[in-house]
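The primary structure of each chain is shown beneath.
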Amino acid sequence: MRRLTPLLSAAVLVAALAGTLPAQGAKPAAAKLKWGPAPAFLPPGARVAVVEGDPTASGPFTIHLLFPSGYRIAPHSHPTEEAITVVRGTFRVGMGDTWDRSKMQALKPGQSGTMKAGQTHYAAAVGRTEVEVKSTGPFVINYVNAKDDPRNKKTKVKA
């Protein structure tokens, strides 16, 4: 197998990236997203924007989630693989059935990770944080502890 010379390798890399970089002064696509409240399976306070596909139906989808600082998602899993990329802020992620801050890794803008189907994990936002999620729908969250599922929280009704 032939090795490319360093100069040729750099030229190929620059050519490959040229088509993926935004034009100078262009606003990122995320700025044009239509934001709304996140689904009920996430704790209150998150916002969601659908980039492509339909996260409620079968098939691939891409969404952005926006979290306020201090936002936490309790240990949970998904029936499908999930790929996340941090757009802004810091997204701390830990693996396992029990929340353990000491085992969390901080992902910064541009960093990404993949959770395999059924892999239990938890997360927290440090600062206002936006993440991109790519997966296959329908988008489902299964919490380890039913008490952590926001859908099980009783709302107070004023008499």
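Structural notes, computed from the coordinates. (Residues numbered from 1 in each chain as written. Predicted model: local features only at pLDDT ≥ 70, side-chain atom pairs only at ≥ 80, totals over all residues. Heavy atoms only, no water.)

**A closer look at the overall build of the protein chain**
(1) Moving on: Helices and strands together make up the secondary structure of the protein chain, namely 1 helix and 9 strands.
(2) Moving on: Ordering the α and β elements of the protein chain from the N terminus gives α-β-β-β-β-β-β-β-β-β.
(3) Moving on: A buried classification covers 35% of the 159 residues belonging to the protein chain.
(4) Moving on: Here the protein chain has roughly 10300 Å² of accessible surface; of this, 58% comes from carbon and sulfur atoms. (Helix = DSSP H or I, 4+ residues; strand = E, 2+ residues; numbered from the N terminus. Buried < 20%, exposed > 50% of the residue type's maximum accessible area, 1.4 Å probe, protein only. Areas by Shrake-Rupley, 256 points an atom, 1.4 Å probe, with all protein chains shown as cover.)

**Re the nonpolar core**
(1) Moving on: Formed by 25 residues in total, the largest nonpolar core has its most connected members in Leu42, Leu65, Phe67 and Phe91.
(2) Moving on: Among the elements of the structure, strand E3 (59-67), strand E4 (72-77), strand E5 (82-95) and strand E8 (121-137) are those that each provide at least two residues to this core.
(3) Moving on: Setting aside chain neighbours within four positions, we find Phe67 in contact with Ala46, Ile73, Phe91, Ala125, Gly127, Arg128, Thr129 and Val131. (Core = buried A, V, L, I, M, F, W, Y, C linked by side-chain atoms within 4.5 Å. Contact = heavy atoms within 4.5 Å.)

**Thoughts on the pattern of salt bridges**
Where charged atoms of side chains with opposite charge meet at close range, the side chains can pair.
(1) Moving on: Evaluation of the coordinates by the stated rule reveals 5 salt bridges.
(2) Moving on: The shortest N-O distance in the salt bridge between Lys116 and Glu81 comes to 3.4 Å. With Lys116 in the loop between strand E7 (112-115) and E8 and Glu81 in the loop between E4 and E5, this residue pair connects regions lying 35 residues apart in the sequence.
(3) Moving on: Here Arg88 and Glu130 are joined by a salt bridge, their closest N and O atoms 2.9 Å apart. Here the residue Arg88 occupies a position in strand E5, and Glu130 occupies one in strand E8, the gap between them amounting to 42 residues.
(4) Moving on: Taking the relative accessible area as the measure of exposure, Arg88 reaches 34% and is therefore partly exposed. (Salt bridge = Lys/Arg side-chain N within 4 Å of Asp/Glu carboxyl O.)

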